[in-house]
Amino acid sequence: MGNLLNTAITEILAKIMMLEDISSEDGEHLHTLCQTVIEEGPLVFIPLAEENKNKRYQEEVPLYVKKWSTFKELVIVLRANLQEIVDRWADGKGPLAVEFSSSEVKSLIRALFQNTERRAAALTKIK
């Protein structure tokens, strides 16, 4: 099941990363789709009828779904403002930098935000 979920989120990631322009409305739709996957995806790892015993299985999702952390970072970026993205990049040392290259983050910023001085400033901070 882990391979199946990983394949699905890898495909979603790839398709979103290919987008050159994401309107705010489309960004919200993508966020909703991805958030649904994050909430529902771990349910494939719940083998026990008693909910309180399933916590361990849900915590193990990243072990079996290689792109899970990357996917969760993308969901954060889809709703983040420019400063939040720069903060998560943290000079190439933050959680966003662990999951994405600088060129991928710059591409997401260009797709999500209009060409303004604030966007240009944010892009210069992503190295």
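Attention now moves to the pattern of salt bridges. If you walk through the whole model with that rule in mind, you get three salt bridges. With its nearest N and O atoms 3.0 Å apart, the salt bridge here joins Glu28 to Arg79. Here the residue Glu28 occupies a position in helix α2 (residues 24-40), and Arg79 occupies one in helix α5 (residues 68-79), the gap between them amounting to 51 residues. The class of Glu28 is partly exposed, set by a relative accessible area of 35%. Here Glu73 makes a salt bridge to Arg88, at a shortest N to O gap of 2.4 Å. Highlighted residues: Glu73 in helix α5 and Arg88 in helix α6 (residues 82-89), separated in sequence by 15 residues.

On to helix α8 (residues 102-112). Within α8 the residues assigned to the buried category are Val105, Leu108, Ile109, Ala111 and Leu112. Buried residues along α8 cover an arc of 165° about the axis, so they all sit on one side. Tucked inside the fold, the buried residues of α8 contact α1 (2-18), α5, α6, α7 (95-99) and α9 (117-125).

Here we take up the environment of Ala122. Along the chain, Ala122 turns up in helix α9. Spatially, the C-alpha atom of Ala122 lies 6.4 Å from that of Val86, the residues being 36 residues apart in sequence. Apart from residues lying up to four places away in sequence, Ala122 is in contact with Leu82 and Val86.

What follows concerns a nonpolar patch on the surface. Together, Met1, Leu4 and Val44 make up an exposed nonpolar region whose accessible area comes to about 310 Å². Mapped onto the elements of the fold, Met1 is located in the segment before α1.

Let's shift gears to the nonpolar core. With 36 residues, the main nonpolar core has Phe71 and Val105 as its most contacted residues. Mapped by element, the contributors of at least two residues to this core are α1, α2, α5, α6, α7, α8 and α9. In contact with Val105, not counting residues within four places along its chain, are Ile85, Trp89, Leu96, Phe100 and Ile126.

What counts, and where the lines are drawn
- Residues numbered from 1 in each chain as written.
- Predicted model: local features only at pLDDT ≥ 70, side-chain atom pairs only at ≥ 80, totals over all residues.
- Heavy atoms only, no water.
- Salt bridge = Lys/Arg side-chain N within 4 Å of Asp/Glu carboxyl O.
- Helix = DSSP H or I, 4+ residues; strand = E, 2+ residues; numbered from the N terminus.
- Buried < 20%, exposed > 50% of the residue type's maximum accessible area, 1.4 Å probe, protein only.
- Arc of directions from axis to C-beta.
- Contact = heavy atoms within 4.5 Å.
- Patch = residues over 30% accessible without salt bridge, like charges linked within 9 Å, V, L, I, M, F, W, Y side chains within 5 Å.
- Areas by Shrake-Rupley, 256 points an atom, 1.4 Å probe, with all protein chains shown as cover.
- Core = buried A, V, L, I, M, F, W, Y, C linked by side-chain atoms within 4.5 Å.

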